[in-house]
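Here is how the chains run, residue by residue.
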Amino acid sequence: MSLTLPKIKLPWFPLSVIIFFLIITVGDSFGVIPGINDMIAFLESLYLRFGLFGLFISALLEGIAYFGLYFPGSVVVILAVVLSDGSLGTFLGISGTVSLALTISACISYFLGSRRIIKDKLQGNANYDRDSWFWFVFNHWHPNGLGLLYFKRGFNGEKLFPYIYITPVIVFLYGIFCSYLIFSLKEYAEADQTFIIFTILGLWFFVELFFKNKPQNTPPTTVEN
């Protein structure tokens, strides 16, 4: 008697993101591409020289799906908050700039997804939570999450409107909250970006792996007389 193992369904979307980020990290370690720290220094100099315009460019780059994994623009957002005077007017300016940039990058990510620039293996692997407003709002907390959210929507042929109208509002409110939080904890604001991203991607992969392979409740069969 042979033992048949259950077939495991892989969540290809988060797996493709992990592989992409792994390639970037390995390329960085071997000096094939400029390192993440070099990118941080470049983006910080962009902000220090051009102010909110530099912040706009940094946030825009990080908000583009996949591509944004290489541009740690959130570090520049933290820098902008840390160097600010902590006033409401300054935080409104920072949040408004980031909101506009990420809304544009969300549209770009949606367009890239709709072009099917990666294998159609991802089709049909929609997130288990894609129809949940909770997860839609939650994915706005970080530029990478937002870019990947809209990329997947474009890939699956889901609607861009009216969701894109809600995105700048959510990002703006997140921005105000995070600005006050970061400013109050600014001495602890710096962190290992690579470790954080790998941790988040790993959790995302295992959560989707669980839901994709979760046993379905099938109704009991009935015997007709």
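Residues numbered from 1 in each chain as written. Predicted model: local features only at pLDDT ≥ 70, side-chain atom pairs only at ≥ 80, totals over all residues. Heavy atoms only, no water.

J.: Outline the pattern of salt bridges, listing residues and values.
T.: All chains considered together, the criterion is met by 1 salt bridge. Of the charged contacts, one joins arginine 153 and glutamate 158 as a salt bridge, the two residues approaching to 3.5 Å between their closest N and O atoms. Like glutamate 158, arginine 153 is buried. (Salt bridge = Lys/Arg side-chain N within 4 Å of Asp/Glu carboxyl O. Buried < 20%, exposed > 50% of the residue type's maximum accessible area, 1.4 Å probe, protein only.)

J.: Could you give an account of the side chain of threonine 103, naming the residues involved and the relevant values?
T.: Examined against the element boundaries, threonine 103 turns out to sit in helix α5 (residues 88-114). Residue threonine 103 is classed as buried on the basis of its relative accessible area, which comes to 14%. (Helix = DSSP H or I, 4+ residues; strand = E, 2+ residues; numbered from the N terminus.)

J.: An account of the packing of aromatic side chains is requested, with residue identities and associated values reported.
T.: The tally for this structure, following the rule as stated, stands at 10 aromatic pairs. An aromatic cluster is built from Trp133, Phe136, Tyr150 and Tyr163, whose rings are joined through pairwise contacts. Positioned over the ring face of tyrosine 163 is arginine 153, at 4.1 Å from the centre of the ring. (Phe/Tyr/Trp six-rings, centres within 6.5 Å; stacked < 30°, edge-to-face > 60°. Lys NZ or Arg CZ within 6 Å of the ring centre and 35° of its normal.)

J.: Kindly report on the packing of helix α3 (residues 52-62) against α5, identifying the contributing residues and their values.
T.: For the pair α3 and α5, interaxial distance at closest approach is 8 Å and the crossing angle is 35°. In the crossing of α3 with α5, the sense of the turn from one axis to the other is right-handed. Of the residues in α5, those in contact with Leu52, Leu55, Phe56, Ala59 and Leu60 of α3 are Gly93, Ile94, Thr97, Val98, Leu100, Ala101, Leu102, Ile104, Ser105 and Ile108. Of the residues contributing to the contact of α3 with α5, the split by class is 12 nonpolar, 3 polar and no charged. (Axes fitted to C-alpha atoms, helices over the stretch in contact; angles between N-to-C directions. Left-handed = near helix turned anticlockwise from the far one by under 90°. Contact = heavy atoms within 4.5 Å. Nonpolar A, V, L, I, M, F, W, Y, C, P; charged D, E, K, R; others polar.)

J.: Explain the nonpolar core to me, using residue names and the numbers behind them.
T.: Leu55, Ile94, Val98, Leu146 and Tyr150 are the most contacted members of the largest nonpolar core, which totals 47 residues. Counting residues per element, the ones that place at least two in this core are α1 (12-29), α2 (36-50), α3, α4 (73-82), α5, α7 (143-155), α8 (163-184) and α9 (193-212). No other element matches α5, which puts 7 residues into this core. (Core = buried A, V, L, I, M, F, W, Y, C linked by side-chain atoms within 4.5 Å.)

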